[in-house]
Amino acid sequence: MLPFLITLSVLLLIIVVLIIRSYFSDKHIAKAVRTVLFVVIFPVLANMIISLSLDQISVSIAYQVYLISTDWLLFALLLFTLEYCDINRTWRTYLIAGVLFADTVSIVLNQVFGHVYGLELIRTIDGRPYYILHSEVGHYIHLALSFLLMLLLFVLIIRKLRMTSRIYFEKYLVILSVLAFASIWEAYYIIFKVPVDKSMIGYEICAILIYFFGVEYQQLFLRYQMFKCVIAKTSEAVFFFDESFRCIYISPGAYDMFNIKQDDFETPEKYLSQYHYTKNPLGQDMVSNLIITREDGKHTFNVQYKRVYDRNNSILGAFVILDDRTEEVKRLAKERFNATHDSLTGLFDDNYFREKVSEKLRSVKNGEYLMVVSDIREFKVINDLFGREAGDRVLTKIADIIRENASEDEIYGRIGADNFAVLISKKKFHIDKFINVTNDLFFVEGHPDYKIVNQYGIYEIKDTSVSVPAMLDRAFMALSTVKYGTGRKFAYFDQEIRDDIIWEQIITGSVEYAISSGQIVPYFQAQVNSDGRAEGAEVLVRWIHPTEGMVSPGRFIGILEKSGKIIEIDKFMWESACKTIRKWLDEGKDGFYLSVNISPKDFYYADLYEVFTDLIDKYNISPKYLRLEITESVMITDVERKLEVIDKLRNAGFILEIDDFGSGYSSLNLLKDMPVDVLKIDMVFLSKTKNKDKALIILQQIINMAQNLIIPVITEGVETEEQLNYLTKMGCKMFQGYYFSRPESLEDFEKKYMIK
């Protein structure tokens, strides 16, 4: 008996300690566990009184407490089970509480009616007197209720076991087992009526295990199973090592990734040791990238190496996670390439070229490199004539030539539509070789007669502190001096080019203001007959600059033609001519005509027919007073469209003059096809040849041909009386030149030639 009581006391003390500990747990199940622990104290104390006391009344009361407390212990276990199995309380829970309350009242009334139990004094094996419980009807009802309630607990837990994942079996199976253990032990004493009921030890053990598994136990098996599930589903290769760096676990992904045989733990140790994961002292925690060659090629892995410690900071082992980032690295590399390279040619784009050049020049000496830029002559024409795809093939072919011939230390890229740039060593650069490699070596695919011509601007880098954009600008400045030429293919940047570019910028930037402020003015050069009488005049533009003075047309006409702003000056000159004609007509000075020049670019920038017809309507003048003068170079390109415009103007009454006839290569063909009213022959025709006699014969034939075609001829550039005499003998009747008059202002022209 004494060992039994000592065991009960020790277990009871443990339960009290566990009750106190449960108050410090933050688990939601702790409250339900604490209730079980608290309630189990009462039947244990009652059992101890029953075992120790010889007083019948005391034992009877103890039995009452024992039976009542077992009812409420089972109810506490029910509440714990509902909480543990995540089952909500319902009205049935409160119904059970009501039934147990009725059983409690019945047990209390046993002192009056004796309907639950009676006491019988017996002697135990050791001869000690002991009161045992003699069951009446009420006790059997109590036992039936206890049995049904315990059965309900089993049903709830078993149902949860059937519904949950196998990895959670441990959680519920342990509780089911301890309840079954306590129930069987209690049933043994009831069925066989063993004198001293020691099943309370089972209840205490059950309560302690419920606390352990409900509050303290960390469910190691559950964690291991969840760990295996997570690791099995991850795509990374995971290796676990013990404190001696022996592999103890390989994830399923690692077997497939590195073709490791099942349970081959030696291969990972050898495989990873070559990447400096040392055994002693298990290396340092690290995250790095590794390039590992597998059967299918090189792969990039992100590697995490971590050591694992226990609570005492002792090393338990380590793990290595290898995440295959090959596709991500390829994708990022492709994105970086696309962000820094031209999509068509694969060369550096403009921004990245500038960035790489800047990096390069920070590490070199002054004057060691050249910045070379290129441009395809008339690239727009290639696209227009042969299509965009043909133009793209030209660009890719140029890129291939640059790539194949460039050395490792050169930087090159496509920095514009048809512009390429190369940073090249001055020592390695030979302009003739460079041009021969990249120029005139190919043609438009399918059109072998159309040669591709590249032109180059070169800037020598003497000061690396100059910004890369400024270097490119200077190279393009040099390029601009050959871009519109027909002979030169390259130019070096120098101060003269810089000054020319600045002048161009000044001219193009101030033309509108120059017109509005009266700096641009019309000058008139008389066209006189053989009698010396002026019949008309050519209207010529002059720019009276506030700082440069009288600016020669040669210093700005070409610039404005190149920029397209020539149309602004030409429109101003045309309207000035119409105003002058209107002024003369209003003053009664009838019979004078004015010739105005049309630039080749005017055909592209304006509807000439609409412009000129609007002008004569605006100033109410006849078209015969406004002659239109073009050079034969106008008809080099887009002939059909321009002829259509010219025909419309002539049909409207305008007279067409061809200037500089005979100076080009298509004069006779032009004369054959083009409607011409007047030919203008420049006397420069004679001065540009060493064989003057032949030139005079040709000039005579041109005049004769014009007379036969009934086309009037005006010879311009007449500067001497001798020239006038032999031109008169050849049959010329109209002249223009310094011999008669230089270009002069309207006021001077009127004073000299107009009839008062």
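Conventions we followed
Residues numbered from 1 in each chain as written. Predicted model: local features only at pLDDT ≥ 70, side-chain atom pairs only at ≥ 80, totals over all residues. Heavy atoms only, no water. Helix = DSSP H or I, 4+ residues; strand = E, 2+ residues; numbered from the N terminus. Buried < 20%, exposed > 50% of the residue type's maximum accessible area, 1.4 Å probe, protein only. Contact = heavy atoms within 4.5 Å. Areas by Shrake-Rupley, 256 points an atom, 1.4 Å probe, with all protein chains shown as cover. Phe/Tyr/Trp six-rings, centres within 6.5 Å; stacked < 30°, edge-to-face > 60°. Lys NZ or Arg CZ within 6 Å of the ring centre and 35° of its normal. Salt bridge = Lys/Arg side-chain N within 4 Å of Asp/Glu carboxyl O.

Chemist: Would you mind showing me how to read the overall build of the protein here?
Modeler: Each helix and strand in the protein was counted, giving 28 helices and 23 strands. Within the protein, the proportion of its 756 residues that are buried is 46%. Sequence-distant contacts, at least 24 apart, represent 62% of the contacts inside the protein between residues at least 6 apart. Only carbon and sulfur atoms are counted for the fraction: they give 56% of the accessible area of the protein, which is about 40,300 Å².

Chemist: Can you walk me through unusual backbone geometry in this structure?
Modeler: When glycine is set aside, most residues are seen to have a negative phi, and most peptide bonds are trans. Even without being glycine, Asn-620 reaches a positive phi, approximately 55°. Within the fold, Asn-620 resides in the loop between helix H22 (608-619) and strand E19 (626-631).

Chemist: I'm lost on the packing of aromatic side chains in this one. Help?
Modeler: Here a ring pair, both rings aromatic, is described through the centre-centre distance and the interplanar angle of the planes. Taken as a whole, this structure holds 19 aromatic pairs when the rule is applied. Plain terms: the ring middles of Tyr-739 and Phe-740 are 5.1 Å apart, the flat faces sit at 85° to each other, and that makes the pair edge-to-face. We classify Phe-740 as buried; its relative accessible area is 16%. Among the aromatic side chains, those forming a connected cluster through ring pairs are Phe-524, Trp-584, Phe-592, Phe-749 and Tyr-753. Just above the ring of Tyr-23 sits the side chain of Arg-34; from NZ or CZ to the centre is 4.0 Å.

Chemist: How do you make sense of the pattern of salt bridges when you look at a structure like this?
Modeler: What the rule picks out here adds up to 24 salt bridges. As a salt-bridge pair, Arg-354 and Asp-350 come within 2.7 Å of each other at their nearest N and O atoms. You can see Arg-354 and its partner Asp-350 sitting in helix H13 (residues 350-361), four residues apart, about one turn around the helix. Residue class for Asp-350 comes out partly exposed when judged on its relative accessible area of 21%. The partner of Asp-400 in a salt bridge is Arg-403, and the shortest N-O contact between them spans 2.9 Å. With Asp-400 and Arg-403 both in helix H15 (residues 388-405) and three residues apart, this pair spans about one turn of that helix. Overall, Arg-403 belongs to the partly exposed group, its relative accessible area being 31%. Beyond isolated ion pairs, a larger network of salt bridges with shared partners links Glu-538, Glu-629, Lys-680 and Glu-716.

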